[in-house]
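Given next are the chains, with one letter for each unit.
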Amino acid sequence: MLAVLIAVLLSSPSGCGGPWDDGDAERGLLQAVLDRQAEAVLTGDREAYLATVDPRADGYRDSQRTVFGNLARLPFDHWSYRVTGTGDEAFPLPDGKGGDGRDAGPRRIAVRAELRYRVEGYDPVPVRDVEYLTLTEREGRWYVSSDSDGAAGGRRGTQQLWEQGRVTVVRGERSLVLGVGRPEFDLRALADDADRAVPAVGAAWPRAWPRRVLVQAPATLERMAGLLGGPPSSYRGIAAVTTGEVGGRGRTPAERIVVNPEAYWLLGEEGRRIVMAHEVAHVATRAHTTESTPMWLSEGFADWVGYRGTDRPSTRIAPVLTDAVRRGEAPRRLPTDEDFDFAGDADRLARSYEGGWLLCRMVVARWGEERLVELYTAAGGAGDDGMDPVVREVLGVGMEELTESWRAYVRQELGGG
């Protein structure tokens, strides 16, 4: 992860006591260094930043020059750290010496810290991440010498785009696009796509939302997977993904539209418009999306927004489900959240998206767009009672009746009789 830490003068402990025998004092010293590091990021002080990096870790130090250059180009208005673990409680160092590195050679210590940052105008509250860092002592001073040792034990936070190479920044009217290894005209096209999608989504989702989006364009599918924390195979064929923690439980929204360079640019203009509107819809609805919101509603709504206003026939929008219906394999239930797993069966995933879209389309056809928005908003507060009371309150029917109506609608729209 982002290598930001740590240069602080720590005198070697004398006698039997000292910082190494007092975890609270040690953590306080590390926290003070992190606070100074955060200030260097916010003030754009390159020298102060690089002074925290191990002067003997040549490759790592070179990468941090690039990282700082990237950070300096981004509009952060908050950047802070909180040490949450040191030594073995953070992670075991890979050479087996333990978290405080008391064996022969330079002393080292593992540090786990919470990073909080906010991109001005795009993050309503700071985004949270976890850093796993190794600090090395040289001549009484501590430096960060690695951000990868934790990975050996499966401890590594989510990768950030600014760690993947030099970032190019393009600002649209309603968007901020960050790209690595992509030509600037591609990033400008992405900004144009996002700028068109924001008002289109606003027309479908009248609730309050920032109406600005942040788009990330990594260089490869593998780099996309690094940003999302999954294997590349999970995202192959997926044009874009919106990240973010669900709202409604005091957690931090972190909306990032991440574009798959192997799929997004294969789409025509209309395809890119639909995909971008789908992803922006997730950003718009994030504050009302909780763990109680079923995937058939969150993904179905986003697809409904994406296809809203198009004249494509249902059979073209839902080709996989159409084939299933015409084989006599019409769905018997709404898709479960597990059916939307990217790592699962591709046909099942497609049928799930298509089924969710048709459910939302049916609600609009029978009850109107305002009721669909109301249903989405209310679903976030469903809690342990499930969707049945929510559906009854908003639409006047229960889940069983809604499901049966949807099954009939699927057969009607897709030609299954």
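Residues numbered from 1 in each chain as written. Predicted model: local features only at pLDDT ≥ 70, side-chain atom pairs only at ≥ 80, totals over all residues. Heavy atoms only, no water.

Trainee: Where do I start with the pattern of salt bridges in this structure?
Mentor: Side chains that differ in charge, positive against negative, can pair when their charged atoms come close. As enumerated under the stated definition, the model contains 21 salt bridges in all. A salt bridge links Arg-46 to Glu-47, with the nearest nitrogen and oxygen atoms 3.5 Å apart. The exposure class of Arg-46 is partly exposed, given its relative accessible area of 37%. In this structure, Arg-256 and Asp-123 form a salt bridge, with 2.8 Å as the shortest nitrogen-oxygen distance. Within this pair, whereas Arg-256 is found in strand 10 (residues 256–259), its partner Asp-123 is found in the loop between strand 3 (108–119) and strand 4 (127–138), the two being separated by 133 residues in sequence. Asp-123 matches Arg-256 in its accessibility class, with the two residues each being buried. (Salt bridge = Lys/Arg side-chain N within 4 Å of Asp/Glu carboxyl O. Buried < 20%, exposed > 50% of the residue type's maximum accessible area, 1.4 Å probe, protein only. Helix = DSSP H or I, 4+ residues; strand = E, 2+ residues; numbered from the N terminus.)

Trainee: Whenever I open this one, the side chain of Asn-70 confuses me. Can you help?
Mentor: By the element assignment, Asn-70 lies in helix 3 (residues 58–72). With residues up to four places along the chain from it excluded, the contact list for Asn-70 reads Trp-162, Gly-165, Arg-166 and Val-167. (Contact = heavy atoms within 4.5 Å.)

Trainee: Looking at this model, I keep getting lost on the environment of Ser-175. Mind explaining?
Mentor: With respect to the element layout, Ser-175 can be found in strand 7 (residues 175–180). Judged by relative accessible area, which is 0%, Ser-175 ranks as buried. For Ser-175 and Gly-121, which are 54 residues apart along the polypeptide, the C-alpha to C-alpha distance reads 9.8 Å. Within the structure, the side chain of Ser-175 is placed 3.0 Å from the side chain of Asp-195, a separation counted as a polar contact. (Polar contact = N/O pair within 3.5 Å; in protein donor to acceptor, adjacent residues only side chain to side chain.)

Trainee: Can you walk me through the layout of surface pockets in this structure?
Mentor: The gaps of empty space that remain are located by a probe, the size of a water molecule, rolled over the atoms. Each pocket or cavity is described by its volume, and for the second largest pocket that value is around 270 Å³. Secondary structure elements with two or more residues in the lining of the second largest pocket: helix 9 (319–326) and helix 10 (346–367). It is helix 10 that provides the largest number of residues to the lining of the second largest pocket, a total of four residues. For the lining of the second largest pocket, the per-class residue count stands at six nonpolar, two polar and seven charged. (1 Å grid on protein atoms, 1.4 Å probe; cavity = no way out; pocket = protein on both sides within 12 Å on 5 of 7 lines; lining within 4 Å. Points joined across faces, edges and corners; volume = space filled by probe spheres on them. Nonpolar A, V, L, I, M, F, W, Y, C, P; charged D, E, K, R; others polar.)

Trainee: In this structure, what is going on with the sheet that holds strand 10? I would like to understand it.
Mentor: Paired through their backbone hydrogen bonds, the strands of a sheet run either parallel or antiparallel. Read across the open sheet, the five strands follow the order 6-7-8-10-9; overall the sheet is mixed. The sheet is open, and its two borders are formed by strand 6 (167–171) and strand 9 (240–243), each paired with just one other strand. Within the sheet, the average angular offset between the axes of one strand and its neighbour, ignoring direction, is 20°. Bridging between strand 8 (residues 213–217) and strand 10 involves two bridges; their strand directions are parallel. Bridged to Gln-216 within strand 10 is Val-258. Strands strand 6, strand 7, strand 8 and strand 10 of the sheet are contacted by helix 4 (residues 184–204), whose axis makes an angle of about 150° with strand 7. (Pairing = 2+ DSSP bridges. Axes fitted to C-alpha atoms, helices over the stretch in contact; angles between N-to-C directions.)

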